[in-house]
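Coordinates in review
Below are the chains, spelled out letter by letter.
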Amino acid sequence: MKNVDSKSHVRGESVYLDDIPLIEGTLFACVYDSQVAHGVLKIVEISEAEKSEGVVKIITAKDLIGENQIGGIFPDEPLFADTEVHFQGMPIALVLAETEEQARSAAKKIRAEIEPLEIVTDPRVAFAKNNLIVPPKHFKLGDTENAFKNCEYVFEGRADVNGQEHLYIETQGAYSIPTEQGGMRVYSSTQGPTAVQRCVSRVTGLPMHAVEVDVTRLGGGFGGKEDQANAWAAVCAVGTQLTKRPVKYALHRMEDMRMTGKRNPYSADYKIGLDKDLKIVAYQVVFYQNAGASADLSPPVLERTLFHCTNSYFVPNVTATGYSCRTNLPPNTAFRGFGGPQGMFVIESAIAHAAEKLNVPASQIQQKNLINDGDEFPYGQIAESEAVTSWTQADEKFDFAKLQKEADEFNRQNKFVKKGVALMPVCFGISFTKTPMNQARSLVHVYTDGSVAVSTGAVEMGQGVNTKIAQVASTVFSLPIERVKVHTTNTLRIANTSPTAASAAADLNGRATQIACETILQRLKEVAAPLVEAETPDDVSIENGFVFRKGEPTDFDWLKLVNEAHMNRVNLSEHAHYATQGIHFDWSIAKGHPFAYHTYGTAIVGVSVDCLRGIYTVDFVKACHDFGSSMNTSVDYGQIEGGIVQGIGWMTMEEVVYDKSGKLRSNALSTYKIPDIYSVPKTIEFIPLETTRENLAIFNSKAVGEPPLMYGIGAYFAIRNAVKAFNTEISPAFDTPFTPEKVLMNLYSETVKKMKAKT
Ligand code: MTE
Ligand code: LUZ
Ligand code: MOS
């Protein structure tokens, strides 16, 4: 089944924020942002800018009618800096002008006088100053302290994992339009329409019912628009409130890169203890999360880092601690995996460290410690595990030993090109870790021409959720998918939505849609029963648009039945609610059952490193992935391929660089390298895990949005293995991304050391 958007995408007809036809009188916005990362805001000089051509109004903190506050979790983030600035890129003023160019050129004429304060960019430095966003978070299983005493081997080390720029193709943006009685409609490129509505309501002082938020689709979000679309909608809304005119702001790429937060970087200390059979007995880890200047989503991101700190492994004794450290960088935020990948990287580093010291393949330690059914995760949930099955099925299909042997043989014959392989098991929990967020609603109308309209809280951002929701309605009603239209995500049709995130949008909104459609279907069967002389509605079925009685065709078809129902004044609409059952979590003891289920998989990644130049190619990623039972293989396979490439990019080439002054150096596509068609793996091959287990996913089709990204972590360790094949004495620091420059420095680090020792 093709994506329902594929034709309009290919023709360039799909509508994004920038495609919305402009209303006469629209003003264009541009933010003037801080060029200093930390300081006291003394004076904002706007008089030159006000005289600039086409300028209608310039807004600063003091002009707001509502609250100057956009912090979603904590009120620690002003919309416009008022007394202090906390990062380079923090909005200070908003210019509204008749054209985009006029707004941008006027913004350049604003000056701010800022008295500098100390700038911190390193989370460990922030930690040392006790500059934390929230109190530390802890997970504890067993008794690590005593367990380490009984370990045969104990290794300690440090791992650093860098951030990642979302680089959605469509930048952040919003378009607000005044409606009657002081209300407004806001088009926003957001994953969280309700979050935008709440934020607009807060900064304007309008009740939420006066603010309508509408989202057609996004040109990508990847977590970057879960929370951080709010500010741009808020500035437009404030502009509309104060000028009574429509206001549009679509950020330029460099504005977006400079002013928005990224994946949270982490620095971590680990200690891992094994017994003589290579069983991991104890694991202790401390995470220093770089949160940036305000909370944003960093606290729940940190929580998910802890949830996934043992990845697919069972470790009986775990102590995990997380610190969310405040720095003078743009607030970091959700990014595909939401802290999980960072947690996994650290335990994979600890395992690689142990393997190196014990001179065994890391895969041996990985395999021995895979979590089994009935094992307990550090947060108390009992595993229903596919870790071993996915490993075994991948091995049967792809033959790990053979792939390793091929690399070894190649390496024996080649001096300056080395191959490396690494295994990467993944286990990712599905559900928002904050239980109340796991709810959704769907509004379904059947019209008298037999067509079906569906609205849900899910936002389409390229991941295919609209296709899956259309499939749900088409399956329940047994109608061709063309008879179903999934409409925009709109806060008047669906209220109080959770953001489209946590890979759970299809599950939550799909199941709400399923309930709505089944309710309407039941009413239709009740109408049909007497008409087709069935004894009970249960004897009626609808298949491919025709009505059957006990499996026998009747004179009724879908259209006739729908009209009969309408004539009989039967409701052809339904607004249904779904909430995931059986999930809970208690932070006071840090235990519970937070996830509806886990998505598992095992990948093997192979690379070739050019040991003269430090450059590399990813030769293959082969995986066995747990789809449950995929309801749409073309959508799901697309998610796997995209996720893997995004994960490899994060681990290898995408280098977010801030200098000591807090200035983003990787601020354009010329200085921030993302994977292109030449750097994607030569082969991506995967097989679906064979399993008959039931799960809580929609139609048993497990969430697939985030988990595949984590296979990309294998690329880091494969490159590391290739570097070690060049010279076994090299022990590269666990420090991502493994850029070609870093690879080169590592390849010759021992040579340089020896040369230095001689002179
Ligand atoms: N795929 C595309 N094409 N574009 C995106 O922005 N976001 C990812 C993933 N896949 C994203 C994507 C992220 S971060 C999440 S949480 C899920 O999609 C969200 O959608 P789902 O819940 O429908 O899987
Ligand atoms: N967002 C969120 C998420 O608010 N809570 C989560 O648990 C989560 N997990 C993954 C991605 N986004
Ligand atoms: Mo995805 S990080 O949950 O938006």
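Look a little higher up for the structure.
Described below are features of the structure shown in this document. Since the model is a prediction, treat every value here as computed from it, not as a measurement.

Around ligand 1 there are 19 residues in total, and Gly-221, Phe-222, Met-461, Ala-505 and Gln-639 lie nearest to it. Between an oxygen atom of ligand 1 and a main-chain N or O atom of Phe-222, the distance comes to 2.9 Å. A distance of 3.3 Å is found between a nitrogen atom of ligand 1 and a backbone nitrogen or oxygen belonging to Gly-462. Notes on ligand 1: free accessible area 520 Å², of which the protein chains cover 91%. For the shell around ligand 1, the residue count by class is eight nonpolar, nine polar and two charged.

This part covers the pairing of strand β17 (residues 439–446). Along β17, six of the eight residues are buried, which leaves the element largely enclosed by surrounding structure. Of the pairings in the sheet, the one linking β17 to strand β24 (residues 573–579) comprises seven bridges and is antiparallel in character. Directly across from Ala-440, in β24, lies its bridge partner Tyr-578. Both β17 and strand β18 (residues 452–456) contribute to a ladder of five bridges, which runs antiparallel. Along β18, the bridge assignment pairs Leu-443 with Ser-455. In this antiparallel pair of consecutive strands, β17 and β18, the connection spans five residues, and Gly-450 shows a positive phi of 90°.

Contact pair helix α14 (residues 465–477) / helix α15 (residues 505–531): the axes reach a minimum separation of 9 Å and the direction vectors enclose 25°. Regarding the angle of α14 to α15, the classification is roughly parallel. As for the relative orientation of α14 and α15, their crossing is right-handed in sense. Seen from α14, the contacting residues are Val-465, Lys-468, Ile-469, Val-472, Ala-473, Val-476 and Phe-477; seen from α15, they are Ala-505, Ala-506, Asn-509, Gly-510, Thr-513, Gln-514, Cys-517, Glu-518, Ile-520 and Leu-521. Here the contact of α14 with α15 is built from residues that sort into eleven nonpolar, four polar and two charged.

Let's shift gears to the site of ligand 2. The environment of ligand 2 is formed by Glu-226, Arg-304, Phe-338, Phe-432, Thr-433, Met-437, Ala-501, Ala-502 and Glu-706. A distance of 2.8 Å is found between a nitrogen atom of ligand 2 and a side-chain nitrogen or oxygen belonging to Glu-226. A distance of 2.8 Å separates a nitrogen atom of ligand 2 from a polar atom in the side chain of Arg-304. In isolation ligand 2 exposes 290 Å². Once the protein is present, 96% of that is buried. In terms of residue class, the shell around ligand 2 is made up of five nonpolar, one polar and three charged.

Counting 103 residues, the largest nonpolar core has Tyr-283, Phe-287, Phe-345, Val-609 and Ile-713 as its most contacted members. No other element matches helix α10 (residues 340–358), which puts nine residues into this core. Each residue touching Ile-713, except ones within four places of it in the same chain, is listed here: Pro-341, Met-344, Phe-345, Met-424, Trp-650 and Met-651. If you look at the next biggest cluster of nonpolar residues, it comprises 59 residues, including Leu-79, Val-196, Leu-218 and Ala-231.

Time to look at the sheet that holds strand β15 (residues 317–326). Ordered by their spatial adjacency, six strands build an open sheet running β7-β15-β14-β13-β8-β30, and the pairing between neighbours is mixed. The open sheet has two edge strands, β7 (137–141) and β30 (734–735), and neither has a second partner. As paired strands, β7 and β15 are joined by five bridges and run antiparallel to one another. What sits directly across from Lys-137, in β15, is Gly-322.

Quick notes on the rules
- Starting from 1, residues in each chain are numbered consecutively following that chain's sequence as written.
- By the order in which they are written, chains take letters starting at A while ligands take numbers starting at 1.
- Totals for whole chains, interfaces and linings use every residue, but because this is a predicted model, local features are given only for residues with pLDDT of at least 70 and side-chain atom pairs only at 80 or more, for both listing and counting.
- Hydrogens and waters are ignored; side-chain quantities use all the structure's heavy atoms.
- Residues are labelled near a given molecule or strand when at least one of their non-hydrogen atoms is within 4 Å of it.
- Polar contact is the term for a pair of N or O atoms within 3.5 Å; when the atoms are in protein, one must be able to donate a hydrogen and the other to accept it, and sequence-neighboring residues count only if both atoms are side-chain atoms.
- Note that accessible areas follow from Shrake-Rupley with a 1.4 Å probe, and for residues the cover is restricted to the protein chains shown.
- Note on residue categories: nonpolar means Ala, Val, Leu, Ile, Met, Phe, Trp, Tyr, Cys or Pro, charged means Asp, Glu, Lys or Arg, and polar means any other residue, Gly included.
- Relative accessibility thresholds used throughout: buried, under 20% of the residue-type maximum; exposed, over 50%; partly exposed, between the two (1.4 Å probe, protein chains only).
- Helix and strand labels come from DSSP, where a helix needs a run of H or I of at least four residues and a strand needs a run of E of at least two; each type is numbered from the N terminus.
- Whether two strands pair comes down to DSSP finding at least two bridges between them.
- To obtain each axis, a line is fitted to C-alpha atoms, and for helices this fit is confined to the stretch in contact; angles are then taken between N-to-C directions over 0 to 180 degrees.
- Any angle between 65 and 115 degrees counts as roughly perpendicular, while under 35 counts as roughly parallel, over 145 as roughly antiparallel, and the rest as oblique.
- Two helices cross in a left-handed way if the nearer one is turned anticlockwise from the farther one by less than a right angle. They cross in a right-handed way if the turn is clockwise.
- Should any heavy atoms of two residues lie within 4.5 Å, those residues are considered in contact.
- Working definition of a nonpolar core: buried Ala, Val, Leu, Ile, Met, Phe, Trp, Tyr and Cys residues. They are joined through side-chain atoms within 4.5 Å.

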